[in-house]
Amino acid sequence: MSVKNIIKAVKSYLTVSVVILSLTGLSGCSKNSANSGKENNMNISAQDAKKIMDTQSDYIILDVRTKEEYDEGHIKDAVLIPDFELSGRASTELPDKDQLILVYCRSGRRSKNSAEELKALGYTNIREFGGIIDWPYETVK
């Protein structure tokens, strides 16, 4: 292969690489702008949830575990709506779609799915903080 052909191949490679990187960068920007605002803050730590509970007043703590799990111990003032009942009960028990809703479960899987479900139902102010197994604060029975 001649030096001229090698230079031509390198230029082609560089052109394709620049195009790919540009498209990747653009899709990354559009993804970020699509998820701007409250959605970026949907997942918070237990510490951040506790700070909200200690400093704010207009929020709902939503426990999406089963009744049996809830009865074993839950966060004070938590409203119980098991994840498998959420779509049927949310509109009546969570009527304000803009109210801050703090969601938790046992380990974080159901709360994450429930937060996504609430978002799909039109709720706009959701914070998911994982599972009660990681909750270092007081619970009640």
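Residues numbered from 1 in each chain as written. Predicted model: local features only at pLDDT ≥ 70, side-chain atom pairs only at ≥ 80, totals over all residues. Heavy atoms only, no water.

A. Here's a closer look at the nonpolar core. Judged by nonpolar contacts, the single largest core of 16 residues is most densely connected at Met-53, Ile-61, Ile-75, Leu-102, Tyr-104, Phe-129 and Trp-135. Only helix H2 (46–55) and strand E3 (100–105) provide two or more residues apiece to this core. Tallying contributions element by element places H2 first for this core, with four residues. Ignoring sequence-local partners within four residues, the contact set of Phe-129 consists of Ile-44, Ser-45, Ala-46, Ala-49, Met-53, Ile-75, Leu-102, Val-103, Tyr-104 and Trp-135. Met-42, Leu-94, Ile-101 and Ile-126 belong to the second largest nonpolar core, which has 15 residues in total. (Core = buried A, V, L, I, M, F, W, Y, C linked by side-chain atoms within 4.5 Å. Buried < 20%, exposed > 50% of the residue type's maximum accessible area, 1.4 Å probe, protein only. Helix = DSSP H or I, 4+ residues; strand = E, 2+ residues; numbered from the N terminus. Contact = heavy atoms within 4.5 Å.)

B. Inspection of the sheet that holds strand E1 (residues 59–63) at higher detail. Read from one edge to the other, the open sheet built from four strands follows the order E2-E1-E3-E4, with strand pairing classed as parallel. Since the sheet does not close on itself, it has two edges, and those belong to strand E2 (79–80) and strand E4 (126–131), each with one partner. Examined bridge by bridge, E1 and E3 share five bridges and lie parallel to one another. Bridge assignment links Ile-60 to a residue of E3, and that residue is Ile-101. Contacting E1, E3 and E4, helix H5 (residues 109–120) runs over the sheet at an angle of about 150 degrees to E3. (Pairing = 2+ DSSP bridges. Axes fitted to C-alpha atoms, helices over the stretch in contact; angles between N-to-C directions.)

C. A look at the pairing of E1. Burial of E1 is extensive: four of the five residues sit out of reach of the surface. Pairing analysis gives two bridges linking E1 to E2, with the strands arranged parallel. Residue pairing across strands places Asp-63 opposite Leu-80, the latter belonging to E2.

D. Structural context of unusual backbone geometry. In this structure, Asp-77 takes a positive phi of about 70 degrees despite not being glycine. Here Asp-77 falls in the exposed class, since its relative accessible area comes to 59%.

E. View of H2. Three or more residues of H2 are buried, namely Ala-46, Ala-49, Ile-52 and Met-53. The buried residues of H2 all sit within an arc of 120 degrees when viewed along its axis, so they share a single face. Turned more than 90 degrees away from the buried face of H2, the exposed residues are Lys-51, Asp-54 and Thr-55. On the buried face of H2, the contacting elements are E1, E3 and E4. (Arc of directions from axis to C-beta.)

F. Broad picture of the side chain of Ser-114. Within the element layout of this structure, Ser-114 appears in helix H5. Look at Ser-114 and you get buried, because its relative accessible area is 1%. Ser-114 has contacts with Val-64, Asp-83, Leu-86 and Val-103, leaving out every residue within four places of it along the chain.

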